[in-house]
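Topology and contacts: notes
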Amino acid sequence: MRQSLGQTPSQTVGPYYTLRLFREGENIMVPPGHPDRIVVHGKVLDGDRNPIEDALLEVWQANSAGRYRHPDDTRDLALDNGFTGFGRAITDFETGEYRFETVKPGPVPDAEGAFQAPHISLIVQGRGMLNPVFTRIYFSDEDEANRDDLILRSVPAGRRSTLIAGLTEDAAYRFDVLFQGEDETVFFDF
Amino acid sequence: MGEPAIRHYGPKAYSDHPPFSYPDYRSTVKRSPTHDLIRIVQTLSETTGPGPAWTEIAEEDTDLTTNTGTGSPAIGERIIVTGKVLDENGHGVPGTVLEIWQPNASGRYAHWRETEFPAPLDPNFVGVGQCLTDAEGGYRFTTIKPGPYPWGNHPNAWRPSHIHFSIMGPSLGMRLVTQMYFPGDPLLPLDPIFNSAPPGARERMIADYDHEVTEANWALGYRWNIVLRGELATPMDEGED
């Protein structure tokens, strides 16, 4: 048993978080014209499939070489100038659409010494959400890597597709976040 | 350079946090998952997080009474809010970005969505701040005590005075957004958002009045520590349950 101080409870970001938690351009993680630029876009939908017009999406990812900008990632891989791997987007108040411009992350190790399929970690919060939800964005054009990915394989087969962003046009991937229902997005606990 | 360090963080303690759906706070009902969360083993993707990279570029902005740049101070009860960001093992969490936002002394947010509540805006108060925790996890803001404000959740609903805090620690799982409340507020027992946290845990969101923090002839002081998930001493078999 370990001593615990007791975690401070989570609370909703409420309707006014954009005062601080989103600043123009935080969803643009690579400069315009970046050769490896991809777009990840989609909607966040509630249990009635209405768009959640005030959701906050935060992403965390490795760079295209697979390196996290973090002191624990000591692998001998290049970091990119100016690429933090962190981005924030908000859903549009009218349409519920969000958009990130970033790069597809490279491979990062899994728990058994192999590589994971390329993925972006995503945290979603909003008014009416008392806790953040954590999910992962995988890519539809990475079939082989997705098949071998330990975390995807731990998800019931019928729900894996909720984690895979579909290629919609050149280098644009669509990833919707759905709450409730049979097609609810898989949310993780770790 | 070499093999990455894989830390192992203790689980989110669900007994310390609100449920996803809490019908007394109506908008949670359709905005909450209904499937069970899927438990996964922590990899580098989960044990790292944006805190350290972001800390490199974030700037301090800790005095909300003067940070509008108008040259005039905000109106209201000036207060100091200070404390530490700790992990649950009691260790300070340094180099963490804290972002805060709040309404003014009248309970009015300087936000375009606030159109219903006829309370005055203060041209000298926006209600946002940011700081980095120091080597011991410490932080300190000077601000105005926020006023309570009405909301549409139920008839005659009022939010108790609170300051929103967002904390981005060094690991993804440490992500926390919470609210700091004030001691003795009569609205606390009536507030479904405060009450969504379990009894025994919700009280951790109430700051202490601390006369040691109070500065003579200047501002009252409140002390509030924030406790995040911490590292496990030994890895446990997280994938087995």
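Owing to the predicted nature of the structure, the values given are computational and were not obtained by experimental measurement.

Quick look at the confidence of the model for chain B
Residue-level pLDDT values for chain B average 93, and 96% of them are 70 or greater. Scoring of the predicted complex yields 0.95 for pTM and 0.95 for ipTM.

Quick look at the nonpolar core
One finds A:Val40, A:Leu57, A:Val124, A:Tyr138, A:Ala165 and B:Leu228 to be the most contacted residues of the largest nonpolar core, which totals 91 residues. Aside from chain neighbours lying at most four places away, what touches A:Leu57 is A:Arg88, A:Ala89, A:Tyr98, A:Leu122 and A:Val124.

Topic: the sheet that holds strand β8 (residues 162-168) of chain B
All names here are of chain B. Here we have 4 strands laid out as an open sheet, ordered β4-β3-β8-β9, and antiparallel in their pairing. The open sheet has two edge strands, β4 (128-132) and β9 (176-181), and neither has a second partner. Across this sheet, the average inter-strand angle for adjacent strands is 20 degrees, counted without regard to direction. Bridge analysis of strand β3 (residues 97-101) against β4 gives 5 bridges, and the strand direction is antiparallel. Pairing of Leu98 across the sheet is with Cys131, part of β4.

As for the interface of chain B and chain A
On the side of chain A, 64 residues touch chain B, which itself brings 71 residues to the contact. When contributions to the side of chain B that touches chain A are tallied by element, the ones reaching two or more residues are β1 (38-39), α1 (44-47), α2 (51-55), β3, β8, β9 and β12 (226-228) of chain B. For the side of chain B that touches chain A, the per-class residue count stands at 34 nonpolar, 23 polar and 14 charged. Taken together, the 2 bridges between strand β10 (residues 188-189) of chain A and β1(B) define a ladder with parallel strand orientation. Along β1(B), the bridge assignment pairs A:Asp189 with B:Arg39.

Examining the environment of A:Asp80
Residues and elements named next belong to chain A. Along the chain, Asp80 falls in the loop between β2 (55-60) and β3 (86-90). Of the residues examined, Asp80 has 16 C-beta atoms within 10 Å and is grouped as partly exposed. Spatially, the C-alpha atoms of Asp80 and Phe190 are 28 Å apart, while their sequence positions differ by 110 residues.

Concerning unusual backbone geometry
Residues and elements named next belong to chain A. Look at Arg49: it is not a glycine, yet its phi comes out positive at around 65 degrees. Within the secondary structure layout, Arg49 lies in the loop between β1 (37-45) and β2. Judged by C-beta crowding, with 14 C-beta atoms within 10 Å, Arg49 ranks as partly exposed. In this model, Gln180 sits at a positive phi of 70 degrees, which is unusual for a non-glycine residue. Examined against the element boundaries, Gln180 turns out to sit in the loop between β9 (177-178) and β10.

Cut-off values and rules
Residues numbered from 1 in each chain as written. Chains lettered and ligands numbered in written order. Predicted model: local features only at pLDDT ≥ 70, side-chain atom pairs only at ≥ 80, totals over all residues. pLDDT = per-residue confidence, 0-100. Core = buried A, V, L, I, M, F, W, Y, C linked by C-beta atoms within 7 Å. Buried ≥ 20, exposed ≤ 12 C-beta atoms within 10 Å, placed from the backbone. Contact = placed C-beta atoms within 7 Å. Pairing = 2+ DSSP bridges. Helix = DSSP H or I, 4+ residues; strand = E, 2+ residues; numbered from the N terminus. Axes fitted to C-alpha atoms, helices over the stretch in contact; angles between N-to-C directions. Nonpolar A, V, L, I, M, F, W, Y, C, P; charged D, E, K, R; others polar.

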